[in-house]
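# Remarks on the overall topology
Spelled out from the first residue to the last, the chains are:
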Amino acid sequence: MLSINIINRSGHPLPAYQTDHAAGMDVHAHLAEPVTLAPLQRALIPTGLFLEIPEGYEAQVRPRSGLAYRHGIGIVNSPGTIDADYRGELKVLLVNLSDAPFVVQDGERVAQLVVARHERVRWQAAEALSETTRGAGGYGSTGTK
């Protein structure tokens, strides 16, 4: 199991898995007062969390499916990426895609956090690429079977 240093200035629980096999940990809003999101409005919601992600990893900030389904609340830049060299506060860029205002309360679970390993690449210039069955087929090219 990976250990990650975290500072919690929110007074709310640390991000936590809600089930034994969950990939994402719920993250809570840290607000001095509620934030109302009008339809199509977005707001940067603080969490009071500061992370020290190890080199070779990232933290992905993803929407919560319940907020999306019940209230039309998503994350504008989903998934948001927290890089290993970032030391500022984790904030969540929520957007209200519904036709009704939504109030974000202090302590509300506003996002999921997934920690994932990633690779850095070195590009190698080439004149041609290997052949595949799919080739250059793009959007919709594999059918609906």
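Here's a quick rundown of the structure. (Residues numbered from 1 in each chain as written. Predicted model: local features only at pLDDT ≥ 70, side-chain atom pairs only at ≥ 80, totals over all residues. Heavy atoms only, no water.)

All right, on to the sheet that holds strand S6 (residues 57-62) then. Across the sheet, which stays open at both edges, the five strands sit in the order S2-S3-S11-S6-S8 with antiparallel pairing between neighbours. Looking along the sheet, the strands with just one partner apiece sit at the ends: strand S2 (16-17) and strand S8 (80-82). As defined by bridge partners, S2 adjoins strand S3 (residues 25-28) across two bridges and the pair is classed as antiparallel. Across the sheet, Tyr17 pairs through a bridge with Met25, a residue of S3. (Pairing = 2+ DSSP bridges. Helix = DSSP H or I, 4+ residues; strand = E, 2+ residues; numbered from the N terminus.)

Counting residues in each nonpolar core, the largest one holds 25 residues, and the members touching the most others are Val61, Leu90, Leu94 and Val104. For this core, the secondary-structure elements that each account for two or more residues are strand S5 (42-52), S6, strand S7 (73-75), strand S9 (89-96), strand S10 (102-104) and strand S11 (109-117). Ranked by residue count, the leading element in this core is S5, at four residues. (Core = buried A, V, L, I, M, F, W, Y, C linked by side-chain atoms within 4.5 Å. Buried < 20%, exposed > 50% of the residue type's maximum accessible area, 1.4 Å probe, protein only.)

Reading across the sheet, the four strands line up as S1-S5-S9-S7 and stay open at both edges, with antiparallel pairing between neighbours. The outermost strands of the open sheet, each flanked by one partner alone, are strand S1 (5-8) and S7. Each strand of the sheet is rotated relative to its neighbour by a mean of 40°, with strand direction disregarded. Bridge count for S7 against S9 is three bridges, and the pairing is antiparallel. Bridge pairing in S9 links Ile75 to Leu94. (Axes fitted to C-alpha atoms, helices over the stretch in contact; angles between N-to-C directions.)

So, about the environment of Gly56. If you trace the backbone, Gly56 turns up in the loop between S5 and S6. Between the alpha carbons of Gly56 and Arg87 there is a distance of 15 Å; along the sequence they are 31 residues apart. Setting aside its immediate chain neighbours within four residues, Gly56 contacts Ala116, Arg117 and His118. (Contact = heavy atoms within 4.5 Å.)

A separate point is the layout of surface pockets. Quantified by volume, the largest pocket comes out at close to 320 Å³. Along the wall of the largest pocket there are 14 residues; nearest its centre are Leu2, Ile4, Pro15, Met25 and Val115. Here the residues of the lining of the largest pocket are counted per class, giving 13 nonpolar, one polar and no charged. A volume near 160 Å³ is recorded for the second largest pocket. Lining the second largest pocket are Glu55, Gly56, Tyr57, Glu58, Asp83, Ala84, Asp85, His118 and Arg120. Residue composition of the lining of the second largest pocket, grouped by class: two nonpolar, two polar and five charged. (1 Å grid on protein atoms, 1.4 Å probe; cavity = no way out; pocket = protein on both sides within 12 Å on 5 of 7 lines; lining within 4 Å. Points joined across faces, edges and corners; volume = space filled by probe spheres on them. Nonpolar A, V, L, I, M, F, W, Y, C, P; charged D, E, K, R; others polar.)

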